[in-house]
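Commentary on secondary and tertiary structure
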Amino acid sequence: MDVEGEALVCIDCGRVHKPGPGVLVCEKCNGLLEVSYPKSVFGNVSFNGTGVWRYSSLLPKVDRIITLNEGNTPLVKAENLGRKIGLRNLYVKFEGANPTGSFKDRGMTVGVSIALKFGQKSVACASTGNTSASMAAYAARAGLKSFVFLPDGYVAAGKLLQAIAHGATIVKVRGNFDDALRILLSHSAELGVYVLNSVNPYRIEGQKTTAFEIWEGLGKTPEFVVYPVGNAANISSGWKGFIELKEAGLANSLPKMVGVQAEGAAPIVKAFLEGRGEIEPVEKPETVATAIRIGRPLSWKKALRAIRDSKGTAVTVSDEEILRAQVELARTEGIFAEPAGAASIAGVLKLSREGYFKGDDTVVAVVTGHGLKDPEVKIMPYAELVIQPDENPVEALRKLL
Ligand code: AN7
């Protein structure tokens, strides 16, 4: 379908909406909306500069860009880890290197710039942590008030500290993320806040730039891109990005999209493996990877489509596999991910054990958040020696080797 100017199109019924501050879901059927561009846009794509706004010819138009120079994150060849598991072309896209330490910054630079365009004075989100940290930072820069709804006791210390540091009003919900989101969405109009959860179609436009950077960084489309999945917006936005590259005549193939969820919070993997059209929400999601401790993923339908249309797959990993992958990545490649960020690596390890990849496939694992976010997580055995100031440590250290 062609549209005039940028339009918000319902992914379920196709209804076209004129953009505006009050338009979040389909007015007719409540479906999620997607930003659609006129076909002419894809004939005129050019990339200039660096970071998310390098791709502005494929992003929504804004009046004033609120940016922390997000994006342009390292695409690192993981030769040591790859060798161990028989993958000659394994790459890590390290999103923890974004300004607030997660991929959310890509979305927030667009979402907060749009909030300003719509004349909003305050923004809000429900969050397992990273969205709130990122939104608070960009809102501060834009001079907007921010409200964050957090599952009390289940947000990693670093993320909560970030939201506080940037001046957000913290609403602690005595429930899980799904409760926090439900409460926010049912009161956002009354509160007069602009919602920047991934239900907001503009935010995930920013997130699709990960796909653009992967394609440019490799000089081609990889065979596989592996994402940790919580609310399922990131994997969906990545798929939209790869499709747009193809539509613009830049890429000539599409990758297979692979979604990884924690065993205790895996409604999308379950629906995929059982070949069902709908997910069955998990009422009490549990995982050490609190960022993806989500039982009712907002973008489940988009994600199932991305995985199915791309002929990819979905896999669950246990908490133990997540923590092992976190250490493995840190100790073989020097990349420190928070547990949810390492879930993609855990998925790659599991799938390669099962013989899913060929040795020369190009596999990109998106590592979504920085390890410093979550200092309480119990990581690993390590070598330690305690000595007195006048003690020679050499003999004892030799014994430790
Ligand atoms: C490190 O911050 O949902 O599948 O509220 O922080 O797009 O939800 C975070 C999600 C993966 C999952 N990795 O991405 C939030 C939130 C990290 C994350 C995900 C999150 P989606």
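Note that the coordinates shown come from a computational prediction; the quantities given were computed from them, not determined experimentally. (Residues numbered from 1 in each chain as written. Predicted model: local features only at pLDDT ≥ 70, side-chain atom pairs only at ≥ 80, totals over all residues. Heavy atoms only, no water.)

Some thoughts on the overall build of the protein chain
The condition that has to hold: Helix and strand definitions follow DSSP, with helices as H or I runs of at least four residues and strands as E runs of at least two, each counted in order from the N terminus. Computation of the radius of gyration draws on C-alpha atoms, with the globule rule given as 2.2 Å multiplied by the number of residues to the power 0.38. Burial classes: relative accessible area under 20% of the type maximum marks a residue as buried, over 50% as exposed, and values in between as partly exposed (1.4 Å probe, protein chains only). Throughout, a residue-residue contact means that at least one pair of heavy atoms, one from each residue, lies within 4.5 Å.
Counting secondary structure elements, the protein chain contains 14 helices and 13 strands. The globule rule puts the C-alpha radius of gyration for 401 residues at 21 Å, and the 21 Å found for the protein chain is close to it. Dimensions of the protein chain, computed from C-alpha atoms along their principal axes, come out at roughly 75 × 45 × 45 Å. When each of the 401 residues of the protein chain is scored for burial, the buried share is 58%. Put simply, 69% of the contacts in the protein chain that link residues at least 6 apart link residues at least 24 apart.

Examining the domain arrangement of the protein chain
So the rule is basically this: The domain boundaries here were taken from an automatic or database domain assignment. The term buried area means the drop in 1.4 Å probe accessible area that two parts suffer when joined, counted for both and summed. Counted as a polar contact is a pair of N or O atoms within 3.5 Å, where, for protein atoms, one must be capable of donating a hydrogen and the other of accepting one, and residues adjacent in sequence contribute only when both atoms are in side chains. Classification used: nonpolar for Ala, Val, Leu, Ile, Met, Phe, Trp, Tyr, Cys and Pro, charged for Asp, Glu, Lys and Arg, polar for all others including Gly.
Each assigned domain of the protein chain is listed here: domain 1 (1-44), domain 2 (75-101 + 203-373) and domain 3 (103-200). One C-alpha centre belongs to domain 1, the other to domain 3, and the line joining them spans 24 Å. Overall, the association of domain 1 and domain 3 removes approximately 530 Å² of surface from exposure, summing both partners, and the carbon and sulfur fraction of that is 74%. Summed over the three residues of domain 1 that lose the most area to domain 3, namely Pro21, Leu24 and Leu32, the buried surface amounts to 75% of that side. Where domain 1 touches domain 3, the interface holds zero residue pairs in polar contact (both at pLDDT 80 or more). Residue classes in the side of domain 1 that touches domain 3 are distributed as five nonpolar, one polar and no charged.

Notes on the pairing of strand β6 (residues 122-126)
Inclusion rule: For two strands to be treated as a pair, DSSP must find at least two bridges joining them. Handedness of a crossover is defined as follows: orient the strands so they point away from the viewer, and if the path from the first strand over the helix to the second runs clockwise, the crossover is right-handed.
Here β6 lies mainly inside the structure; five of its five residues are buried. The side-chain alternation of β6 yields two buried faces, one formed by Ser122, Ala124 and Ala126 and the other by Val123 and Cys125. Judged from the five bridges that link them, β6 and strand β7 (residues 145-151) form a sheet pairing that is parallel. For Cys125, the partnering residue across the bridge sits in β7 and is Val148. Crossover handedness for the path β6 to helix α4 (residues 130-142) to β7: right-handed. Taken together, the two bridges between β6 and strand β9 (residues 194-195) define a ladder with parallel strand orientation.

Things to note about the pattern of salt bridges
To keep it simple, the criterion reads: When a carboxyl oxygen of Asp or Glu is within 4 Å of a side-chain nitrogen of Lys or Arg, the pair counts as a salt bridge.
In total, this model carries 23 salt bridges according to the counting rule given. One continuous salt-bridge network, built from bridges that share partners, spans Lys93, Glu95, Arg106 and Glu213.

Structural notes on the pairing of strand β1 (residues 7-10)
Of the two faces of β1, the one carrying Ala7 and Val9 and the one carrying Leu8 and Cys10 are both buried. In sequence, β1 turns back onto strand β2 (residues 16-17) through a hairpin of five residues, with Gly14 there showing a positive phi of about 80°.

Looking at the sheet that holds β1
Strand order in the open sheet formed by three strands is β2-β1-β3, with antiparallel pairing between adjacent strands. One side of each edge strand has no neighbouring strand; the edge strands of this open sheet are β2 and β3 (33-36).

Side note on the site of the ligand
As a reminder, the rule being used: In this text, near means that some heavy atom of the residue lies within 4 Å of the molecule or strand in question. Residue burial considers only the protein chains on display, and all accessible areas are found by Shrake-Rupley using a 1.4 Å probe.
For the ligand, the set of nearby residues contains 21 residues, the closest of which are Asn130, Thr131, Asn231, Ala232 and Thr368. Here an oxygen atom of the ligand sits 3.0 Å away from a polar atom, N or O, in the side chain of Ser127. Interatomic distance of 2.7 Å between a backbone N/O atom of Asn231 and an oxygen atom of the ligand. Protein contacts shield 99% of the accessible area of the ligand, which totals 470 Å² for the unbound molecule.

Here's the deal with the packing of aromatic side chains
Quick note on the threshold: Here a Phe, Tyr or Trp ring, Trp counted by its six-membered ring, pairs with any other such ring whose centre lies within 6.5 Å, and the pair is stacked when the planes are under 30 degrees apart, edge-to-face when over 60, and tilted otherwise. Put simply, a charge is over a ring when the Lys NZ or the Arg CZ is close to the ring centre, within 6 Å, and near the line of the ring normal, within 35 degrees.
Across all of its chains, the model carries eight aromatic pairs by this definition. For Arg293, the ring lying beneath its charged end belongs to Tyr154, and the centroid distance is 3.5 Å.

A few points about the packing of α4 against helix α5 (residues 157-165)
For the record, the criterion: Helix axes use the C-alpha atoms of the stretch in contact, all axes being lines fitted to C-alpha atoms, and the angles between their N-to-C directions lie in the range 0 to 180 degrees. Roughly parallel means an angle under 35 degrees; roughly antiparallel, over 145; roughly perpendicular, 65 to 115; everything else is oblique. Working rule for handedness: look at the near helix, and if it is turned counterclockwise from the far one by less than a right angle, call the crossing left-handed; if clockwise, right-handed.
Packing of α4 against α5 leaves a shortest axis separation of 8 Å and a crossing angle of 25°. As the angle between them shows, α4 and α5 are arranged roughly parallel. Relative to α5, the crossing made by α4 is left-handed. For the pair formed by α4 and α5, the contact residues are Asn130, Ser132, Ala133 and Ala136 on the first element and Lys159, Gln162 and Ala163 on the second.

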